[in-house]
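One letter stands for each residue in the lines below.
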Amino acid sequence: MAADLNVLRKENEVLDIFCNLVTTPSPSLKEEKVIQWILDFCKRNNIAGRCDDYGNVYIKIPATDNSKEPIMLSSHMDVVGDDAPIELLFDGQFIKANKRTLGADDKVGVACALMLAKELTNSNIAHGGLEIVFTRDEETGMSGVEHLEFNTLDSKYILVCDADKLGQLQISGASYTNVKLTVKGLLGGHSGIDIGDNTRLNAAKLIADLLAKFPQGAYYFDETGVITSCNLGAIVAGGIQNSVASIVEKGVKTNDYITEIMKKTSTNIINTLGMASYSIRSASVEKENELKNIMINLVNEFNEKYKDLAEAEIEFEVHLLPFEKANDNKIENVHTRACDIAGIKNDISSFHAGAETHIYCHNKNSKGELFRPYLLGLADVYNMHSAMEKVDYQTLLKGYEVIKNTFNVFNQN
């Protein structure tokens, strides 16, 4: 089986580059070996490559036609896992690692970008230039992309080659905002002695009533999928103090702390505090603000209804700004044509998570233009980030064809 893969590597250089990359360990913030491999590849092939002070790698293929605009490819060099040696396995279709994460995320993108850089270096086709950036630390903190020298980059359009299915073109991605809701009962009391006093409102019951009115789940769809959603993460209320204190004191270890806490909760108090946490994800600022306003209005109505008896507060903490759809369809049209030439159908969609696209779209290039990023899939990667991870090698070869076609079609316009 190994011999079969060796034959394929000799016949398909992009596959050989990929195999070299995945067998060069590069866990997050320990990417030195793969950085050096990339720089050595560039040197061997007369490609101009450099690192910034943070360790991100930059490659620039100069334009042969200055009337055309440049385009940029971006991939991350780090992988989930450690720096132990990787043994490749091959079953005739899938490449995987022996009992380890393969690292196809995102060395598929790195391999295709390096192959295109090599081909363009030895090509006379008319183009506006290719920029390539390989970032560090995408998997744990996205610190690499946040440390990029954005003002040295000329391209407006960026293809972030980090989706996990061949033919994917993802044109927007969701933000991530944490929401904290607090409800306080202003009096409290004993559940026996004071239960008849209608001014002593129970915060646990009040927050439950308020949450019943809050939106939950998918809030807004369009033709690309879920655009805006919210999710209730946790509710904490009631007489749990003694129960939690007991767990801490005894050092209880369990997979079910909720049940453990409920064993000794106090039911003889009129609770004065309830808290809940939500998340909001949205690829549209307009729809996210609309959802936030619904929540704010519900809190305001609550405070008006229970004035001097109870009060509610809501706080929003933005963790990741949204990656919103660009206001033109140039890349969608280019990618559709590129996939047609390759004999596959593309899939244009929105994704309900975060990626480096979210950082790019809020920064500007050397010309003061906001970047317009897209998330691109160049191979079918299965069971990502696990010991079962594998990549269909035929889709990787087709993915390189797609990225090459994309560059050529982009420069025909």
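Throughout what follows, the structure given in this document is the object of discussion. From a predicted model like this one, the values you see are computed outputs, not experimental measurements.

### Comments concerning the overall build of the protein chain
Check the secondary structure of the protein chain and you find 12 helices and 19 strands. Seen through its C-alpha atoms, the protein chain measures out along the principal axes to roughly 90 × 45 × 40 Å. Within the protein chain, residue pairs in contact and separated by at least 24 positions form 79% of the contacts whose partners lie at least 6 positions apart. Carbon and sulfur atoms provide 49% of the accessible area of the protein chain, an area that totals close to 19,300 Å². The distance from the centre of the 41 positive side-chain charges to the centre of the 57 negative ones in the protein chain is 2 Å.

### A word on the pattern of salt bridges
Under the criterion given, the structure shown has 17 salt bridges. Residue Glu 260 is joined to Lys 263 by a salt bridge in which the shortest nitrogen-to-oxygen separation is 3.3 Å. Judged by its relative accessible area of 58%, Lys 263 is exposed. The closest approach of N and O atoms between Lys 398 and Glu 401, which form a salt bridge, is 3.3 Å. Taken together, the positions of Lys 398 and Glu 401, both in helix α12 (residues 393–410) and three residues apart, correspond to about one turn of that helix. Taken together, the shared-partner salt bridges connect Asp 194, Asp 197 and Arg 200 into one network.

### A short note on the state of the cysteines
One pass over the structure, following the stated rule, counts zero disulfides. No disulfide involves Cys 19; its nearest neighbouring cysteine sulfur is the one of Cys 112, lying 12 Å away. The exposure class of Cys 19 is buried, given its relative accessible area of 0%. No disulfide involves Cys 361; its nearest neighbouring cysteine sulfur is the one of Cys 161, lying 17 Å away.

### A few points about the sheet that holds strand β19 (residues 390–392)
Spatially, β4-β5-β19-β18 is the arrangement adopted by the four strands of the open sheet, whose pairing is antiparallel. On the outer flanks of this sheet lie β4 (88–90) and β18 (381–382), each paired with one strand and no other. Two elements, β18 and β19, share two bridges in a ladder whose sense is antiparallel. Across the sheet, Tyr 382 pairs through a bridge with Lys 390, a residue of β19. This element, α12, spans β4, β5 (94–97) and β19 of the sheet and lies at about 60° to β19.

### Considering the nonpolar core
Here is a general trend for soluble globular proteins: nonpolar side chains tend to be buried in one another's company. Ranked by internal contacts, the top residues of the largest apolar core, which has 63 residues, are Phe 18, Ile 38, Ile 95, Leu 114 and Phe 134. With 11 residues, helix α4 (residues 104–121) is the largest single contributor of residues to this core. Not counting residues within four places of it along the chain, the set of residues in contact with Phe 18 comprises Ile 95, Leu 102, Ala 104, Lys 107, Val 108, Ala 111, Val 391 and Leu 396.

### Focus on the side chain of Ser 350
Topologically, Ser 350 is positioned in strand β16 (residues 347–351). A distance of 2.9 Å separates a polar atom in the side chain of Ser 350 from a polar atom in the side chain of Ser 172. Setting aside residues no more than four positions away along its own chain, Ser 350 makes contact with Ser 172, Gly 173, Thr 224, Val 226, Ile 227 and Ala 283.

### Notes on the sheet that holds strand β11 (residues 217–222)
Strand order across the open sheet formed by five strands is β11-β12-β14-β9-β15, with antiparallel pairing between neighbours. Single-partner strands in this sheet number two, and they are β11 and β15 (310–320). Here the strands of the sheet are splayed against their neighbours by 15° on average, with no regard to which way each runs. Of the pairings in the sheet, the one linking strand β9 (residues 176–185) to β15 comprises 10 bridges and is antiparallel in character. Within β15, the residue paired with Asn 178 across the bridge is Glu 317. Here helix α6 (residues 203–213) sits on the sheet in contact with β9, β12 (225–237), β14 (273–282) and β15, set at roughly 140° to β9. Along the sheet face, helix α9 (residues 285–305) touches β9, β11, β12, β14 and β15 and points at about 165° away from the line of β15.

What counts as what
Residues numbered from 1 in each chain as written. Predicted model: local features only at pLDDT ≥ 70, side-chain atom pairs only at ≥ 80, totals over all residues. Heavy atoms only, no water. Helix = DSSP H or I, 4+ residues; strand = E, 2+ residues; numbered from the N terminus. Contact = heavy atoms within 4.5 Å. Areas by Shrake-Rupley, 256 points an atom, 1.4 Å probe, with all protein chains shown as cover. Lys, Arg positive; Asp, Glu negative; His and termini not counted. Charge placed at Lys NZ, Arg CZ, Asp CG, Glu CD. Salt bridge = Lys/Arg side-chain N within 4 Å of Asp/Glu carboxyl O. Buried < 20%, exposed > 50% of the residue type's maximum accessible area, 1.4 Å probe, protein only. Disulfide = S-S within 2.5 Å. Pairing = 2+ DSSP bridges. Axes fitted to C-alpha atoms, helices over the stretch in contact; angles between N-to-C directions. Core = buried A, V, L, I, M, F, W, Y, C linked by side-chain atoms within 4.5 Å. Polar contact = N/O pair within 3.5 Å; in protein donor to acceptor, adjacent residues only side chain to side chain.

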